[in-house]
Amino acid sequence: MELLAQDSPLHHFQELLNHGRRRLSQDQFAELERATQLATNIHAATVQRRQREATMSALVDTVHEMTMPYDPDALLKVITNRARRLLGSDMAYISLNTGDGTTYIHSSDGDTTSLNVGLVVEQSHGLGAMAQEAGAPFWTPDYLNDTRIPHGERIDEVVRVEGLHAVMAVPISSGGEAIGVLYTADRSARHYLPDEISVMRSIADFAAVALDRTRMLDRTRSEMAELELVRIAARRAAAHSEQLDDVRARMITQVLADGNLQDLVSVAAGVLGGSLAVADAHRRVLASAGDAWEMGEELRERARLEAHTARGLVSLDDGIWATPVAAGAEDLGVVLFRSGASQPPTPELEQFFRFVGQAVALLLVMQRSTAVAAGPVRDALLDDLLVPSRHPSSQFTHRARRVGLDPDSPYVVVLAHPEGGEHGRAVVWASSYAYRQCGLKTVSGDSIVLLLPGSDASSAARAVFEELSPLLSEPVTVAASGPADCLGRVADLYQEAVSCYDALIALGGAGSAASMDELGFLGLLLSGGHDVDGFIGLTIGPLLDHDAERATDLVATVEAYFASGNSPTRAAEELHVHANTVARRLTRITGVLGPDWQQPPRAVDIQLAVRLLRAREVLRRRRDQADMPGR
């Protein structure tokens, strides 16, 4: 009893028994032996109870540690460390199922090589497969020599390299489904006690609960992070939507204030973050903004047709988008957008892009309405300017400033004459065009007269021709003159434009465009209605017939000969032929026209006839180009 009270080691009891064997009688020794046996039993029970208490305390600590806010990876490392310490084993590790018929070692504690962690094997191999299939712990005192186990080459290799013998596997289950296996292993052969198996089961159960909790917390954190991202995105979207609303309001203000189309397009391009262009119904680019915009008439026409057919936003090639510009059923053109980003525009930007098309349409309609409303006042000013010395120049200056014209800027006069019957549409167009160009317009007989700012009459004539001809789908003859350095000379320019028009008609240039500068002295010569065809036929008609019948080039030779100062050598260089060839041609020309064709009186007539012929050819080419499909 004293030894028990002192918690003496077992060998003290054995020493007491040996001492009694020498000194006590047989009956006394038997009683002592029985008492010693009872004492050792009590001692063993006490030790076992203490071990269980220590194990339970360690389990409580383990459970407490598992409740800490670990991420799943850190938690699995804590579990393997605690399992190895509780059982006093050499090694502990956890494998997790992947869902595709394999399992991999996630965490390991006590390992001496790098072969274990990350090892992937089929779920049908190893002690873990037996434990998961049975839903209960399995163990072996000597793994490599146990034939019950479905061995796998990779698992056996790790066991062999780590020097393991005794291995226990306990399944980890969640909601009735196996999610992995908890292992403990020793580097010596041994049998696992029931208490050790029970501890491992408890750890596996705690691990399943902790993993579920940790994964739930992890999912919650992820969901909260996603919700935060959604919240931030929603705030950004709200701010962006508010910004778009502000831009819409600013653009509407610009439109109502009769703003400039270029300013409107620049604002829209800045919001959309790309290049923007507005083309009218005749494929002419009215305004553009952003990077250098390069697109042909074919693309503009295709964009316009597809956008108006779809009655909304359409996607073209190379990241180009188009939206129609329309007033009811009237086709006013198209807005094209090329994004500077690799991604397509967001739904909000698509909606804003549609709004841009509507704003452009409203601005164009308002400009046209303003032009029509202001037309009588502006027409009256141009009517007065076309009559020489009707009013003093100071009065012209004052009236010009009232309608928005700068009297000190240069101007050109353009006369457009539709050759068909669409005069009404041409007049409406002219009102809008003059307003957009900051000029004036009036009607004189069957012709439209435009006073436009600028100093290049030829360019002004071509611009009017290229826009008005497709609109009317009929020939239009356009003549221009200028520039004038003051409004007092407008009447003179108008008379020159009329003379230019007469010259175009005389040259057979109806349906083409030219300025007085382009016609030169021919315009002055022909404006009186001379018989151009008769003059050309009478002067060089035989040469023309000869070239037509025999496929020669005598007219061109005459032209080069006179242009080179009557030098056959220089004429040959100009024609890219041998000098002898020019000599033979001159002989043939003499035979056709007579020996006096180089004498001054006839030479002047021949040169004039050639110039008239070439002018007619130029005008004819321009007219033919205007009649080509797509123009």
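Structure shown above.
Small disclaimer: the values here were computed from a predicted structure and weren't measured.

Caption draft 1: The overall build of the protein, seen in detail. Within the protein, the secondary structure is distributed over 21 helices and 16 strands. Relative to its full complement of 631 residues, the protein shows a buried share of 43%. Carbon and sulfur atoms make up 52% of the accessible area of the protein, which amounts to about 32,300 Å² in all.

Caption draft 2: A look at the sheet that holds strand S5 (residues 166-174). Strand order across the open sheet formed by six strands is S3-S2-S1-S6-S5-S4, with antiparallel pairing between neighbours. Looking along the sheet, the strands with just one partner apiece sit at the ends: strand S3 (120-122) and strand S4 (138-140). On average, each strand axis in the sheet is inclined to that of its neighbour by 25 degrees, with strand direction left out of account. Two strands pair when backbone bridges link them, and S5 and strand S6 (residues 177-186) are joined in this way by nine bridges, in the antiparallel orientation.

Caption draft 3: Examining the nonpolar core more closely. With 53 residues, the main nonpolar core has Leu 385, Leu 451 and Trp 597 as its most contacted residues. What Trp 597 contacts, discounting residues up to four positions off in sequence, is Val 558, Tyr 561, Phe 562, Leu 586, Ile 589, Thr 590, Arg 602, Ala 603 and Ile 606. Met 251, Trp 321, Val 360 and Leu 364 belong to the second largest nonpolar core, which has 31 residues in total.

Caption draft 4: Main features of the pattern of salt bridges. In total, this model carries 10 salt bridges according to the counting rule given. Close ionic contact of Asp 146 with Arg 148 constitutes a salt bridge, the shortest N to O distance being 2.8 Å. For Asp 146, a relative accessible area of 11% gives the class buried. A relative accessible area of 48% places Arg 148 in the partly exposed class. Asp 186 is paired through a salt bridge with Arg 190; the nearest N and O atoms lie 3.5 Å apart. Look at Asp 186 and you get buried, because its relative accessible area is 5%. In the salt-bridge network here, residues are joined through shared partners; they are Asp 186, Arg 190 and Glu 196.

Caption draft 5: Spotlight on helix H4 (residues 72-87). Here H4 contains 16 residues, and its C-alpha end-to-end distance of 23 Å stays within 8% of the 22 Å for a straight helix at 1.5 Å per residue. Within the span of H4, buried status applies to Pro 72, Leu 75, Leu 76, Val 78, Ile 79, Thr 80, Arg 82, Ala 83, Leu 86 and Leu 87.

Caption draft 6: The arrangement of the packing of helix H19 (residues 568-575) against helix H20 (residues 579-593) in detail. Running from N to C, H19 and H20 cross one another at 110 degrees; their axes reach a closest spacing of 8 Å. Taken together, the axis directions place H19 and H20 in an arrangement best described as roughly perpendicular. On H20, the residues that touch Pro 568, Ala 571, Ala 572 and Leu 575 of H19 are Ala 579, Val 582, Arg 585 and Leu 586. By residue class, the composition of the contact of H19 with H20 is seven nonpolar, no polar and one charged.

Caption draft 7: Examining the sheet that holds strand S12 (residues 411-418) more closely. The sheet built from five strands is open, its strands ordered S13-S14-S12-S15-S16 with mixed pairing. Edge positions in the open sheet fall to strand S13 (440-444) and strand S16 (513-515), since each of these has one partner strand only. Here the strands of the sheet are splayed against their neighbours by 20 degrees on average, with no regard to which way each runs. Relative to strand S14 (residues 447-453), S13 runs antiparallel, the two being bridged by five bridges. Paired with Thr 442 across the bridge in S14 is Val 449. Packing of helix H12 (residues 423-436) onto the sheet brings it into contact with S12, S13 and S14, and relative to S14 it is tilted by some 10 degrees. Across the sheet, helix H13 (residues 457-472) is in contact with S12, S14, strand S15 (476-484) and S16; its angle to S15 comes to roughly 155 degrees.

Caption draft 8: Summary view of the packing of aromatic side chains. Applying the stated criterion to the full structure yields seven aromatic pairs. For the pair Trp 429 and Tyr 433, a centre-to-centre distance of 4.7 Å together with 25 degrees between the ring planes defines the contact as stacked. Of this pair, Trp 429 and Tyr 433 both sit in helix H12, four residues apart, which is roughly one turn of the helix. When sorted by exposure, Trp 429 lands in the same class as Tyr 433, which is buried. When the ring centre of Phe 355 is taken as reference, the NZ or CZ atom of Arg 248 above it lies at 5.7 Å.

The rules we used
- Residues numbered from 1 in each chain as written.
- Predicted model: local features only at pLDDT ≥ 70, side-chain atom pairs only at ≥ 80, totals over all residues.
- Heavy atoms only, no water.
- Helix = DSSP H or I, 4+ residues; strand = E, 2+ residues; numbered from the N terminus.
- Buried < 20%, exposed > 50% of the residue type's maximum accessible area, 1.4 Å probe, protein only.
- Areas by Shrake-Rupley, 256 points an atom, 1.4 Å probe, with all protein chains shown as cover.
- Pairing = 2+ DSSP bridges.
- Axes fitted to C-alpha atoms, helices over the stretch in contact; angles between N-to-C directions.
- Core = buried A, V, L, I, M, F, W, Y, C linked by side-chain atoms within 4.5 Å.
- Contact = heavy atoms within 4.5 Å.
- Salt bridge = Lys/Arg side-chain N within 4 Å of Asp/Glu carboxyl O.
- Expected span 1.5 Å × (residues − 1).
- Parallel < 35°, antiparallel > 145°, perpendicular 65-115°, else oblique.
- Nonpolar A, V, L, I, M, F, W, Y, C, P; charged D, E, K, R; others polar.
- Phe/Tyr/Trp six-rings, centres within 6.5 Å; stacked < 30°, edge-to-face > 60°.
- Lys NZ or Arg CZ within 6 Å of the ring centre and 35° of its normal.

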